Amino acid sequence: MPVLILSSENQERENEIAQAIAQNLEYTSLNHEFFSEIAHKYTLDSKKLMDAMNITPSILKRMPSKQWYYYLSCVEAGVLDRLLEDNCVCWGLAAHLYVAVVSHVLKVRLIGGHDSIPRSDKRNMTPDEIKKIIAEQERSRENWSMTAYNRKEAHPGLYDMVINLDQVQTDEVVETLSTTMGYPRLKAMTYSINNLTDRALAAKVKNVLLKSLTDVQVEAQNGTVVVTTTSMKRAKSKKIDTIKKLAGQVDGIGYLEVHWNKDMLTEAAMSYR
Amino acid sequence: MALITISRGSFSMGKAVAEKVAAKLKYSILSRDLLFKAGDRFHVPQKTLEKAIHDAPGIFERYSHTKKIFIAYIRATLIDMVAGGNIVYYGLAGHLLLGRLPCVLKVRIIANLEDRVAGRMAGGLSEQKARTMILADADQRRKWTKKIYNADPNDATLYDIVICIDKFSVDDAVDFICQSASRKAFEPTNDCIKQYRDLSLACNAKALLVESFPDVGVICEYGNLLVYATEKEAHTSKFKKIIETFQKENCDIYNLEVHTGLSIPANAV
């Protein structure tokens, strides 16, 4: 069964459209309310978790890089696990950035539709000020998505469809997307379900590893998990053992492979000591 | 009056989509004919016009204004050709040439690079050559759009809908576009017809002036034609003659003003 992922800078209209589609199609909704569930599941501070979804890591903002990546991995693992249940409309959880090509997942970007500044705030602003704030918001979102997933959030290539809301009404978008979700091409197939299951498994493993480690990339295919890591040569066996031990706790792994790369920069720096 | 522009990269199935949309909505289809017509009207070889609308300006063209002249010719011809409405235009830069006109559904079709390369290879090219050609073409389009309109063709805000054809079949994309075109926002209104007429006057005036006065800006609002030129340009007899002839030939012009020494507004042609 298909999954719809929506992304937009205009949260007000995104919410409105997503909820209407979910109601229309009798799909479950997965939105920012899910953060509290994730915070509870992984015992995280929910305020910090929300912050991690909006800011890039910075000591000044009391969000160290290691913690930031761990928080993101918790969201990723939680959301992907939930998306496996199908028949779902998901928005506000940055899923468009980590759910790559899965044939029964439709990723839609909603642009325009005025702007993301609340009407009450706009009353005291000049058009130039509004433009400046919007440009700043866009820059900050791009910076976030590039740091987190190395993808430009606004790039149309990331989505299956981009709809400009400037000339269309909310109900027209709802109707169009509801019809689109019924297209036979979006029906879940064994291959696409396996694809999403592999992504969910990789996200779970990454989440377990990022709790105590850094510099890990995880991929999964048909239950085989490949972890790629970087460290100094002297820490190689210790790091590989730790990865095997930690990843072994995750259910569903058929075979685990660890690829190790030498951390040339640290090695070079240490050789001068 | 409804008009659909379909922008696409090479081998992104845009042509197939455009043809099916036109057939389904019983609209006329327009692409290369535009260059034939513009060439005939302004006595410029079609190859030259094709180069002007496709290739990014070279070092010398940046100073000689040739691109500006040919694009003004193409734009004036396009506006006249689509004036009757009910047209699907899938040639180059339709979404930019028709500017901010209402009732124009601007569609972009995208496809993943591997499928496009495979499509190009079907013509008998090697994979490497096909990939190089597609990337070079995309690079020219990106540079052209950046230089002429200071925009990025990958910027989704330039379009009303962007469809990734990999996820859908051509028929799905056609259904989607036809459904969007039938929306109220794209229905022709009196205001929309007026704006077409105004843009047509402005583009035609610009096309006549551009060869001798490439930096002239033209705006038309409710039949009032405003020409922005420098003091020196406005006082030449050639300028006056062109303006007078144009006013005589176009009875739609309500009033014509020449503004000198003012900066050209951003929405001027």
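All values reported here derive from a predicted model rather than from experimental measurement.

Asker: Would you mind showing me how to read the overall build of chain A here?
Answerer: When you go through chain A residue by residue, the secondary structure sums to 11 helices and 8 strands. A compact globule built from 273 residues would reach a C-alpha radius of gyration of about 19 Å, and chain A, at 20 Å, matches this within 12%. Overall size of chain A, expressed as C-alpha extent along the three principal axes, is 60 × 50 × 35 Å. By the burial criterion, 36% of the 273 residues in chain A qualify as buried.

Asker: Could you clarify how one ought to interpret the domain arrangement of chain B in this entry?
Answerer: The extent of an interface is frequently quoted as the accessible surface area lost upon association of the parts. Residues and elements named next belong to chain B. Each assigned domain of chain B is listed with its residue range as follows: domain 1 (3–186) and domain 2 (190–260). Centre-to-centre separation of domain 1 and domain 2, based on C-alpha positions: 27 Å. If you look at the interface, domain 1 gives 13 residues, while domain 2 gives 12 residues. The residue makeup of the side of domain 1 that touches domain 2, split by class, is 9 nonpolar, 1 polar and 3 charged.

Asker: Could you clarify how one ought to interpret the interface of chain B and chain A in this entry?
Answerer: At the interface, 18 residues of chain B touch 20 residues of chain A. Taken together, the elements giving at least two residues each to the side of chain B that touches chain A come down to strand S5 (161–164) and helix H9 (170–181) of chain B. In terms of residues, the side of chain B that touches chain A owes the most to one element, S5 of chain B, which gives 4 residues. Two elements, strand S5 (residues 161–164) of chain A and S5 of chain B, share 3 bridges in a ladder whose sense is antiparallel. Paired with methionine 161 of chain A across the two strands is isoleucine 163 of chain B, which belongs to S5 of chain B.

Asker: Sorry, what's going on with the environment of isoleucine 165 of chain B here?
Answerer: All names here are of chain B. Relative to the helices and strands, isoleucine 165 is located in the loop between S5 and H9. In this structure the C-alpha to C-alpha distance between isoleucine 165 and glycine 14, which are 151 residues apart in sequence, comes to 8.8 Å. With residues up to four places along the chain from it excluded, the contact list for isoleucine 165 reads Ser12, Met13, Ile109, Ile110, Ala111 and Ala173.

Asker: Explain the packing of helix H1 (residues 11–25) of chain A against helix H8 (residues 170–180) of chain A to me, please; I cannot follow it from the model alone.
Answerer: How two helices pack is summed up by the angle between their axes together with the distance between the axes. Residue and element names in this part refer to chain A. One can describe the packing of H1 onto H8 by two numbers: an axis separation of 9 Å at closest approach and a directional angle of 45 degrees. By the criterion of interaxial angle, the relationship of H1 to H8 is oblique. As H1 packs across H8, the resulting crossing turns out to be right-handed. Seen from H1, the contacting residues are Arg13, Glu16, Ile17, Ala20, Ile21, Asn24 and Leu25; seen from H8, they are Thr170, Val173, Val174, Leu177 and Ser178. By residue class, the composition of the contact of H1 with H8 is 7 nonpolar, 3 polar and 2 charged.

Asker: Hey, could you run me through the sheet that holds strand S7 (residues 224–231) of chain A in this one?
Answerer: Neighbouring strands of a sheet are bound in pairs by backbone hydrogen bonds; such pairs are parallel or else antiparallel. Residues and elements named next belong to chain A. An order of S6-S7-S8 is seen for the 3 strands of this open sheet, with the pairing classed as mixed. Only two strands of the sheet have a single neighbouring strand rather than two, namely strand S6 (216–221) and strand S8 (255–262). Averaged over all pairs of adjacent strands, the angle between strand axes in this sheet comes to 20 degrees, irrespective of strand direction. As paired strands, S6 and S7 are joined by 6 bridges and run antiparallel to one another. Within S7, the position partnered with glutamine 221 by the bridge is threonine 224.

Asker: So what exactly am I meant to see when it comes to the sheet that holds strand S8 (residues 255–260) of chain B here?
Answerer: Residue and element names in this part refer to chain B. If you trace the 3 strands from one edge of the open sheet to the other, you get S6-S7-S8, paired in mixed fashion. Looking at which strands have only one partner, the edges of the open sheet turn out to be strand S6 (217–221) and S8. Neighbouring strand axes in the sheet, compared pairwise and without regard to direction, differ in orientation by 20 degrees on average. For S6 and strand S7 (residues 224–229), the ladder comprises 5 bridges, and the chain directions are antiparallel. Across the sheet, residue valine 218 finds its bridge partner in S7, namely valine 227. Sheet contacts for helix H10 (residues 190–209): S6 and S7; angle to S6, the most-contacted strand, approximately 155 degrees.

Asker: Quick question: what am I supposed to make of the environment of valine 101 of chain A here?
Answerer: For valine 101 of chain A, the location among the structural elements is in the loop between helix H5 (95–98) and strand S4 (105–111). On a C-alpha basis, the gap between valine 101 of chain A and leucine 72 of chain A in space is 20 Å, while along the polypeptide they are 29 residues apart.

Asker: How should the domain arrangement of chain A be read in this particular structure?
Answerer: Annotation of chain A at the domain level lists domain 1 (3–186) and domain 2 (212–271). For domain 1 of chain A and domain 2 of chain A, the distance between their C-alpha centres works out to 30 Å.

Asker: Honestly, helix H1 (residues 14–25) of chain B in this entry has me stumped. Any pointers?
Answerer: Given 3.6 residues per turn, any residue in an α-helix points the same way as the ones three and four places further on. Residue and element names in this part refer to chain B. Taking 1.5 Å per residue, 12 residues should reach 16 Å; H1 reaches 16 Å between its end C-alpha atoms and fits that length. Of all the positions in H1, only Gly14, Val17, Ala18, Val21 and Ala22 are classed as buried. Buried residues of H1, seen end-on, are gathered within an arc of 130 degrees and therefore sit on one face of the element. Residues of H1 that are buried in the fold lie against strand S1 (3–8), strand S2 (28–30), strand S3 (87–89), strand S4 (104–110) and H9.

Asker: Help me understand the pairing of S7 of chain A in this model?
Answerer: Consecutive side chains of a regular strand alternate in pointing toward one face of the sheet and then the other. All names here are of chain A. A one-sided burial pattern is seen for S7, the buried positions being Val225, Val227, Thr229 and Ser231 and the unburied ones Thr224, Val226, Thr228 and Thr230. Once S6 ends, the chain turns through 2 residues before running back antiparallel as S7, passing asparagine 222 with a positive phi of about 50 degrees. As paired strands, S7 and S8 are joined by 8 bridges and run parallel to one another. Its bridge partner being in S8, serine 231 is matched across the sheet by lysine 262. Handedness of the S7-helix H10 (residues 236–247)-S8 crossover: right-handed.

Conventions and cut-offs
Residues numbered from 1 in each chain as written. Chains lettered and ligands numbered in written order. Predicted model: local features only at pLDDT ≥ 70, side-chain atom pairs only at ≥ 80, totals over all residues. Helix = DSSP H or I, 4+ residues; strand = E, 2+ residues; numbered from the N terminus. Rg over C-alpha atoms; globule rule 2.2 N^0.38 Å. Buried ≥ 20, exposed ≤ 12 C-beta atoms within 10 Å, placed from the backbone. Domains from an automatic or database assignment. Contact = placed C-beta atoms within 7 Å. Nonpolar A, V, L, I, M, F, W, Y, C, P; charged D, E, K, R; others polar. Pairing = 2+ DSSP bridges. Axes fitted to C-alpha atoms, helices over the stretch in contact; angles between N-to-C directions. Parallel < 35°, antiparallel > 145°, perpendicular 65-115°, else oblique. Left-handed = near helix turned anticlockwise from the far one by under 90°. Expected span 1.5 Å × (residues − 1). Arc of directions from axis to C-beta. Right-handed = clockwise from strand over helix to strand, strands pointing away.

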